[in-house]
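The primary structure of each chain is shown beneath.
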Amino acid sequence: MNPISSPLQRLDKFPILFFAVMFFGAFSIAFVIPLLSTYIIEELQEPAFNLALVIGGFSVVSLATNRIFGGLIDGGNRVKPLLLINICAFTVHALIQLTAPSYLSLVILGIPLIGISAGALSTMYSTGRLIAEQTGRDPGTFNLHMRICLSLGWVFGPPTAFLLYGTYGFQEIHLAAAISAFIWLTLCLLFIPATLKTHIKKHAQESSTANTVPMMLLIACVPVFALSAANSVFFSAGPVYFIKEMGLSVSVPGWAFATKSLFEVIIIYFAIKPTQRIGERNMMLLSGLGAMLFFATITSATSVGQVLMLCIIEGMYYGICASVGITFIQNYARHKPGIATSYFVNAIFVGGLAGNVLTGVVASYTTFQNTILSSVGLAALATLILLVIKPPQHQQLAQTS
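This text gives an overview of the structure that appears in the document. (Residues numbered from 1 in each chain as written. Predicted model: local features only at pLDDT ≥ 70, side-chain atom pairs only at ≥ 80, totals over all residues. Heavy atoms only, no water.)

Take the packing of aromatic side chains next. Going through the model one piece at a time under the given rule, you end up with 19 aromatic pairs. Centre to centre, the rings of tyrosine 165 and phenylalanine 170 are 4.7 Å apart; their planes meet at 45°, and the pair counts as tilted. Phenylalanine 170 gets classed as buried once you look at its relative accessible area, which sits at 5%. Among the aromatic residues, ring-to-ring pairing joins Phe234, Phe235, Tyr241, Phe242, Phe257, Phe294, Phe295, Tyr317 and Tyr318 into one connected group. (Phe/Tyr/Trp six-rings, centres within 6.5 Å; stacked < 30°, edge-to-face > 60°. Buried < 20%, exposed > 50% of the residue type's maximum accessible area, 1.4 Å probe, protein only.)

Below, the structure is given as structure tokens:
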């Protein structure tokens, strides 16, 4: 391993600087994603099927972005320019919706811009993995700390956005998102090392087998996909269900998502030692069982208090999935951390795509309540795969420079 650069030494001494980038990234995105269903259906007065078009569209763009950027990172490209592309795309989208809000601009410009900006999750995770390995930190533990920062962004983002929506309107939400995006951009420019790139040697004589994505990696993505799809259904259908079908106030979805995210943080913090004892696979199994319990009971809630109590379960199951899931998947391709990370994020976004298509189709023909109930099947699929999947074989990391 070569001596680390001065900017990387600064992050090694003050990792909170990198976590600040993670936090404001999550906080910025949390102003947009949870409110998309309400924005499209309530503000723009579009049918539920168009929700699937927009969210599904940017999810497809995110898939391509994650795959391309993951390959570039593993190929030795610097991560900072890639992350700046992600952040600038989000900033431009926020400014467009602030100055020219419409469904047309959301489809033509929003889909590619949100899709590229959502790829920041994969880029930041890959950046964090490189920082951890190049400074001698445990990548699994560092992944959990990164997820805490992301979850904290979701603790504060959605309730703030929904409170702004209930008090003022979407104009203020777009303004706040733009301000947060500029802070995110500034932190990235200041603290992400300009020369940071992979330390894993790329051998010219690599065989085709070495370049092949392991089949077990793809199978390991299925539970993350299914749990992400279920979570996506709740994010897109939940706000409309709470406001229109249950008749609760417009602030309730924000508090529900905040409760969920807060308990994500708690479970991530306390999951480190249990994960070390029982392994990532068994922790993911607990996540699947928790998801089945949540989706089987959330539509039976009749009050705000019951909704918030059940969202504790949602935060616990998805906290495990989102934090342990990345290490769970990376373990099946330790020689290609960038690609493995991109597959993890792609599993999340493919799940998001499937969840939003499911929301659009089911809600168009039945109710948002039935849409949420359909997630029980997704949770059952994740649980079944986790019961039968084999643990990863021990693989040594590729030779480092």
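Let us keep going from here.
Considering the arrangement of structural elements, one finds methionine 124 in helix α7 (residues 120-134). Residues methionine 124 and alanine 20 lie 104 residues apart in sequence; the distance between their C-alpha atoms is 11 Å. Contact partners of methionine 124, with chain neighbours within four places excluded, come to Phe18, Val21, Met22, Gly25, Leu83, Met146, Leu150 and Trp184. (Helix = DSSP H or I, 4+ residues; strand = E, 2+ residues; numbered from the N terminus. Contact = heavy atoms within 4.5 Å.)

Within the secondary structure, glycine 76 sits in the loop between α4 (48-74) and α5 (79-99). Discounting residues that sit within four places of it in the chain, glycine 76 has contacts with Lys197 and Thr198.

Together, Phe49, Val357, Val361 and Tyr365 line one region of the surface with nonpolar side chains, adding up to about 430 Å² of accessible area. Structurally, tyrosine 365 can be placed in helix α15 (residues 337-365). (Patch = residues over 30% accessible without salt bridge, like charges linked within 9 Å, V, L, I, M, F, W, Y side chains within 5 Å. Areas by Shrake-Rupley, 256 points an atom, 1.4 Å probe, with all protein chains shown as cover. Salt bridge = Lys/Arg side-chain N within 4 Å of Asp/Glu carboxyl O.)

Between helix α2 (residues 16-29) and helix α8 (residues 139-167), the shortest axis-to-axis distance is 7 Å and the interhelical angle comes to 40°. Here α2 is positioned oblique relative to α8, judged by the angle of their axes. Judged by the twist between their axes, the crossing of α2 over α8 is right-handed. Only Phe142, His145, Met146, Cys149, Leu150, Leu152, Gly153, Trp154, Phe156 and Gly157 of α8 make contact with α2, whose side of the interface consists of Phe18, Phe19, Met22, Phe23, Ala26, Phe27 and Ile29. (Axes fitted to C-alpha atoms, helices over the stretch in contact; angles between N-to-C directions. Parallel < 35°, antiparallel > 145°, perpendicular 65-115°, else oblique. Left-handed = near helix turned anticlockwise from the far one by under 90°.)

Glancing now at the state of the cysteines. Counting across every chain of the model gives zero disulfides. For cysteine 88, which is in no disulfide, the shortest distance to another cysteine sulfur is to cysteine 188 and amounts to 8.5 Å. Of all cysteine sulfurs, the one in cysteine 321 lies closest to cysteine 311, which takes part in no disulfide; the gap is 17 Å. (Disulfide = S-S within 2.5 Å.)

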